[in-house]
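What follows is each chain in one-letter form.
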Amino acid sequence: MHRQPFIPARNSRHRIAALSLYRALLRSTRKIDVPKDAQRPARDAMTRAVRKAFVRNRAYTSYRLVYASMVAGYKFLSLLSTAQKPGCPEHTQLIEHLRRRGDLNPSHSKPKDTVRRPREPFLKNVAGHDDGHPVYKPTYIPHSFRYRIPSVSATADGQPFLRLKKPQPRALSKMIGVKGRIFISKIRKLVEIDGEPRWNAAQEDQWDELMAKQMKAERVRGESERSGVNGGGQKVSESSFSWSVQLTRLWWEWQVERMWRDWTARGEALHQVVEEQKTQLRRKDAVDSETLQKRSLKAGSMPSSRNLDTPPNVDVYPARPYPLTASIPAVLAKQTGRQQMGGTGKSVDPFTEPAWNALVRAQSNRLLKWAGKGAASKE
């Protein structure tokens, strides 16, 4: 019958002896006299040496190696116990050893690392959304463009990005996915407005209309407030639930259009950057044509002149690209003129931005038309 291997961790007597030796060594290191300006680093160095030795030897299963490790531990315990007396040979030997290792250097506080400023985004908006036309400009040109000019690509939703390499960086894929999910969520909210919320609003308006007729028949006071204009300066039709639903629909339409407009501006900026890099490459090819012919380039490392001169197979749609944004400036100018003349124009909601108020005024006819259709379709 073969003898089972010796596992020190499962032997209670060996485990108690090893832990006792380990604790005795740690206590002995704290009692050694070291210079005051290097007490902490020196004692930390001795503590790390003891722990490192025990961690290194804990995998031993041979009686010979375990016995040799325990003997070495007891020898070091006697050495540290004797070195507690300043001036003895053991103390001098230990201090010299720590000095050679550099553990007795005075502890200086390490200077704090300067906070690194985050790098500017590749594209920066140099024009705000007030005029309805964001304009992006690159803040820097990556060094990788010297070796390989990327191509402008787009997702299925129309989000533009630069195809730098294959496979593309994980951070770029994550960013594209996050923005794509935001765009899809806005589209879903826009589509959901025509479902249950629109039907519920029509039912609520029908109930309010029945109550108004009953109050009028019974000549209840307060009915005059529901006719004409209410206290907020809005028409009665603009106080209905269907009007609120159409405002919600208009809001999400505007958000989708603003996001699409932003993507279009980014795509134009990326296309311009790529075209500029291609133009510089053409000039370099014209100047150094002989040198480039002799240089052995890997296939695909540089775009060929044929690819650079090929025009994109695209066309421009003749309709207005942003109908909601195009309807804001005229109404906004009228509202600004009234405010400058001291007049009080009608306000849809005093807690919203002027551009939103102007958009609601510009699209009020369409909203009222759709609100009426929603109410008529549920009768």
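Here the structure is a predicted model, which means the values were calculated and not measured. (Residues numbered from 1 in each chain as written. Predicted model: local features only at pLDDT ≥ 70, side-chain atom pairs only at ≥ 80, totals over all residues. Heavy atoms only, no water.)

**A word on the nonpolar core**
How we decide: Among buried residues, those of type Ala, Val, Leu, Ile, Met, Phe, Trp, Tyr and Cys that are joined through side-chain atoms within 4.5 Å constitute a nonpolar core. For the exposure calls, accessible area comes from a 1.4 Å probe over protein chains only, and a residue counts as buried if that area is under 20% of its type's maximum, exposed if over 50%, partly exposed in between. Only DSSP runs of H or I covering at least 4 residues are called helices, and only runs of E covering at least 2 are called strands; the numbering of each starts at the N terminus. Whether two residues touch is decided by their heavy atoms; if any such pair falls within 4.5 Å, the residues are in contact.
Counting residues in hydrophobic clusters, the biggest one holds 18 residues, and the most contacted among them are Leu 25, Ile 32 and Leu 94. Within the residue set of this core, elements represented by two or more residues are α1 (12-30), α2 (39-57), α3 (63-82) and α4 (89-101). Once residues lying within four places of it in the same chain are set aside, the contact partners of Ile 32 are Arg 43, Met 46, Leu 80, Ala 83, Gln 84, His 91 and Leu 94. If you look at the next biggest cluster of nonpolar residues, it comprises 13 residues, including Trp 254, Ile 328, Val 331 and Leu 359.

**Some points on the pattern of salt bridges**
Rules: Salt bridges are defined by distance alone: a side-chain nitrogen of Lys or Arg within 4 Å of a carboxyl oxygen of Asp or Glu.
Under the criterion given, the structure shown has seven salt bridges. With a closest N to O distance of 2.5 Å, Arg 249 and Asp 194 form a salt bridge. Placement of the pair is Arg 249 in helix α7 (residues 241-287) and Asp 194 in the loop between α5 (170-192) and α6 (196-217), with a sequence separation of 55 residues. Judged by its relative accessible area of 36%, Asp 194 falls in the partly exposed class. A salt bridge links Lys 213 to Glu 209, with the shortest nitrogen-to-oxygen separation between them at 3.7 Å. Pair noted here: Lys 213 and Glu 209 are both in helix α6, with a separation of four residues, about one helical turn. With relative accessibility at 42%, the residue Glu 209 sits in the partly exposed group. The network of salt bridges with shared partners includes Asp 194, Arg 198, Arg 249, Glu 253 and Arg 366.

**Brief notes about the environment of Pro 8**
When you line up the elements, Pro 8 lands in the segment before α1. Pro 8 gets classed as buried once you look at its relative accessible area, which sits at 11%. Residues Pro 8 and Ala 59, spaced 51 residues apart in sequence, show a C-alpha to C-alpha distance of 8.6 Å.

**A few points about the environment of His 14**
Note on placement: His 14 falls in helix α1. Its relative accessible area of 18% is what places His 14 among the buried residues. The spacing of His 14 and Val 66 is 52 residues in sequence and 9.6 Å in space, taken between C-alpha atoms.

**Some words on the packing of aromatic side chains**
Which entries qualify depends on this criterion: The aromatic pairing rule takes the rings of Phe, Tyr and Trp, using the six-membered ring of Trp, and pairs them if the centres are within 6.5 Å, calling planes under 30 degrees apart stacked, those over 60 edge-to-face and the rest tilted. Look at NZ for Lys and CZ for Arg. If either is within 6 Å of the ring centre and within 35 degrees of the ring normal, a charge sits over the ring.
The final tally for this structure, using the stated rule, is six aromatic pairs. Between Tyr 22 and Phe 54, the aromatic rings sit 5.0 Å apart at their centres with planes inclined by 70°, giving edge-to-face as the arrangement. Note that Tyr 22 is positioned in helix α1 and Phe 54 in helix α2, a separation of 32 residues in sequence. Where Phe 183 meets Trp 263, the ring centres are 4.8 Å apart and the plane angle is 35°; that geometry is what we call tilted. Taken together, the positions of Phe 183 in helix α5 and Trp 263 in helix α7 put the pair 80 residues apart, joining distant regions of the chain. Both residues of the pair, Phe 183 and Trp 263, belong to the buried class. Joined through ring pairs, the aromatic side chains of Phe 183, Trp 260 and Trp 263 make up one cluster. Arg 258 extends its terminal NZ or CZ atom over the ring of Trp 254, reaching a point 4.7 Å from the ring centre.

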